[in-house]
Amino acid sequence: MSFTESTGRQRVDDYRSPMAGTDPLVALAAGLDTEVAQYFLVSARCGCFMQAARSLNVRPTILRKHLAQLEEQLQRTLFRFQGSALTLSRDGQLFHAQLVALAHERKLPVIEQPLIRLAVADTIVHDILGRDLVSLLRRNASVRLEIISLDSDLSLQAVSADVVVWLGGAEAMAPGPSFAVSEPQCLAQLDYLPHIAKRYSRVTARPASLDDLADFLLVQWHYERQVEHFRPWNDIVDQRLAGVVQLHSYALMLEMIRCSACIGLLPGYMSRFDRGLIALPGLFDGPMQRQVWMAVSSQSKDDAQVQMIVELIHNTFSERREWFEG
């Protein structure tokens with residue numbers, strides 16, 4: 001198998017097609033750089049340069065540059081816009097047919113992306129990482145990523161993943177992942193406070209003591225009943241004979257606080273995540289805290305795709321550091 005001297009990339013003429021003839025379209029298709037051929041075929045399939053760039057995990061400017069050079073080399077227009085829709089010109093259709101035929105003939109393998117497994121605490125992916133993970137997928141549509149939600153200590157112990165982000169105490173491994181990982185890193189310390197929706201809480205009517213909570217409906221996420229650090233709050237909820245709702249869904253608990261005049265225990269950053277919610281400090285004597293920990297599987301810690309996820313998590317927490325300060 002031969003490679004180009006300048007780029008080392010595989011060329012189409014490594015699998016010289018009997019269809020190659022004197023037609024410039026045919027001749028160029030047979031000798032086209034594989035990467036440029038992929039740029040053209042994916043753009044034709046997607047009907048959108050932006051989506052094609054996402055699928056290929058390249059910048060749109062790079063994609064357009066290579067396609068412009070291809071058109072200049074052919075001295076023909078391959079793409080055209082019909083309104084806002086990107087379509088192939090007549091020459092583009094002929095060139096596409098030739099490349100497809102050659103691709104079938106060569107049976108070029110699809111480049112498989114490694115599967116990256118990210119296990120992350122339910123609250124963290126919902127409140128903190130979700131938006132940046134969506135941005136990652138918008139930039140890289142070819143990534144293979146499995147996101148596993150951790151909603152209990154049991155799920156943390158049972159999971160196997162490349163990257164794990166969980167909530168715990170001051171000691172990272174109590175509890176922690178059950179498989180071999182790199183030394184855990186503490187990303188942030190979270191202070192938890194009762195919260196209520198602003199629209200249901202006039203300043204003069206907000207509870208100022210634990211006794212005042214008797215006039216409000218309390219809502220509790222079921223998982224947090226087992227968290228020792230939340231014992232002061234959990235004791236109040238357990239003593240309730242009425243006016244309490246327990247939920248197995250974190251997202252539904254948030255919705256009830258927003259829309260049902262409930263009071264629930266949430267991380268102190270919540271008023272930054274949702275400006276419609278407000279914290280109620282001073283109700284409990286001591287702090288209720290948890291730490292956010294991250295660890296990477298010892299087997300995959302050097303993988304480039306894993307490091308991309310780790311870097312994204314570090315950047316996200318760094319950009320939101322004000323959320324976790326006092």
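Source: prediction; values computed, not measured.

### Remarks on the packing of helix α6 (residues 122-139) against helix α9 (residues 250-259)
The description of two helices packed together rests on the angle between their axes and the distance between the axes.
Here's step 1: Where α6 contacts α9, the two axes come as close as 10 Å, and the packing angle between them is 55 degrees. With respect to each other, α6 and α9 are oriented oblique. In contact with Asp-122, Thr-123, His-126 and Asp-127 of α6, α9 contributes Tyr-250, Ala-251 and Leu-254.
Here's step 2: By residue class, the composition of the contact of α6 with α9 is three nonpolar, two polar and two charged.

### Quick look at empty space enclosed by the protein
Here's step 1: Overall, the coordinates contain one cavity of 30 Å³ or more when judged by the stated rule.
Here's step 2: Within this model, the largest cavity holds a volume of roughly 90 Å³.
Here's step 3: Along its surface, the largest cavity is lined by 13 residues, and Ala-121, Leu-150, Ser-152, Leu-167 and Tyr-223 are the ones closest to its centre.
Here's step 4: Secondary structure elements with two or more residues in the lining of the largest cavity: α6, α7 (153-158) and β5 (163-168).
Here's step 5: Each residue belonging to the lining of the largest cavity can be placed in one class, and the counts come to seven nonpolar, two polar and four charged.

### Some points on unusual backbone geometry
Here's step 1: The residue Gln-75 is not glycine, and still its phi comes out positive at about 60 degrees.
Here's step 2: The topology assignment puts Gln-75 in the loop between α4 (60-74) and β1 (79-82).
Here's step 3: With phi around 60 degrees, Ala-261 is a residue other than glycine that occupies positive phi space.
Here's step 4: Along the chain, the position of Ala-261 falls in the loop between α9 and β9 (262-267).

### A word on the confidence of the model for the protein
Here's step 1: Chain-level pLDDT for the protein is 84 on average; 86% of the residues reach the 70-or-more range.
Here's step 2: Confidence over residues 1-22 falls short of pLDDT 50; this stretch has 43 contacts with residues more than four positions distant or in other chains.

### Some details on α9
Here's step 1: Those residues of α9 not exposed but buried are Tyr-250, Met-253, Leu-254, Met-256 and Ile-257. Looking down the long axis of α9, one finds its buried residues gathered within 160 degrees of arc, a one-sided arrangement.
Here's step 2: Capping the start of α9 is the job of one residue whose side-chain oxygen sits 3.1 Å from the backbone nitrogen of Leu-252: Ser-249.

### Focus: the pattern of salt bridges
Here's step 1: Within the structure shown, the criterion is met by seven salt bridges.
Here's step 2: As a salt-bridge pair, Asp-91 and Arg-76 come within 3.6 Å of each other at their nearest N and O atoms. Taken together, the positions of Asp-91 in helix α5 (residues 90-106) and Arg-76 in the loop between α4 and β1 put the pair 15 residues apart, joining distant regions of the chain.
Here's step 3: Relative accessible area serves as the criterion here: at 25%, Arg-76 is assigned to the partly exposed category.
Here's step 4: Linking Asp-274 and Arg-258 is a salt bridge whose minimum nitrogen-to-oxygen distance equals 2.4 Å. Taken together, the positions of Asp-274 in the loop between α10 (270-273) and β10 (277-279) and Arg-258 in helix α9 put the pair 16 residues apart, joining distant regions of the chain.
Here's step 5: Members of the salt-bridge network, linked through shared partners, are Asp-132, Glu-319 and Arg-320.

### Observations regarding the nonpolar core
Here's step 1: The biggest cluster of nonpolar side chains holds 59 residues, and the ones touching the most others in it are Ile-124, Leu-190, Val-292, Ile-313 and Phe-317.
Here's step 2: By size, the runner-up hydrophobic cluster in this structure holds 22 residues, among which are Leu-32, Leu-41, Ala-53 and Leu-74.

### Some remarks on the packing of aromatic side chains
Here's step 1: In this structure the tally under the stated criterion is eleven aromatic pairs.
Here's step 2: Between Trp-233 and Phe-284, the aromatic rings sit 6.5 Å apart at their centres with planes inclined by 65 degrees, giving edge-to-face as the arrangement. Linking Trp-233 in helix α8 (residues 231-238) with Phe-284 in the loop between β10 and β11 (288-296), this pair joins segments that are 51 residues apart in sequence.
Here's step 3: For Trp-233, a relative accessible area of 1% corresponds to the buried category.
Here's step 4: For the ring pair Tyr-269 and Phe-324, a centre distance of 6.1 Å and an interplane angle of 90 degrees mean the geometry is edge-to-face.

### Digging into the pairing of β1
Here's step 1: Where β1 and strand β2 (residues 85-88) come together, four bridges link them in antiparallel fashion. Across the sheet, Gln-82 pairs through a bridge with Ala-85, a residue of β2.
Here's step 2: Remark: two residues form the turn of the hairpin made by β1 and β2, two consecutive strands paired antiparallel; Gly-83 in that turn has positive phi of roughly 70 degrees.

Criteria and thresholds
- Residues numbered from 1 in each chain as written.
- Predicted model: local features only at pLDDT ≥ 70, side-chain atom pairs only at ≥ 80, totals over all residues.
- Heavy atoms only, no water.
- Axes fitted to C-alpha atoms, helices over the stretch in contact; angles between N-to-C directions.
- Helix = DSSP H or I, 4+ residues; strand = E, 2+ residues; numbered from the N terminus.
- Parallel < 35°, antiparallel > 145°, perpendicular 65-115°, else oblique.
- Contact = heavy atoms within 4.5 Å.
- Nonpolar A, V, L, I, M, F, W, Y, C, P; charged D, E, K, R; others polar.
- 1 Å grid on protein atoms, 1.4 Å probe; cavity = no way out; pocket = protein on both sides within 12 Å on 5 of 7 lines; lining within 4 Å.
- Points joined across faces, edges and corners; volume = space filled by probe spheres on them.
- pLDDT = per-residue confidence, 0-100.
- Buried < 20%, exposed > 50% of the residue type's maximum accessible area, 1.4 Å probe, protein only.
- Arc of directions from axis to C-beta.
- Polar contact = N/O pair within 3.5 Å; in protein donor to acceptor, adjacent residues only side chain to side chain.
- Salt bridge = Lys/Arg side-chain N within 4 Å of Asp/Glu carboxyl O.
- Core = buried A, V, L, I, M, F, W, Y, C linked by side-chain atoms within 4.5 Å.
- Phe/Tyr/Trp six-rings, centres within 6.5 Å; stacked < 30°, edge-to-face > 60°.
- Pairing = 2+ DSSP bridges.

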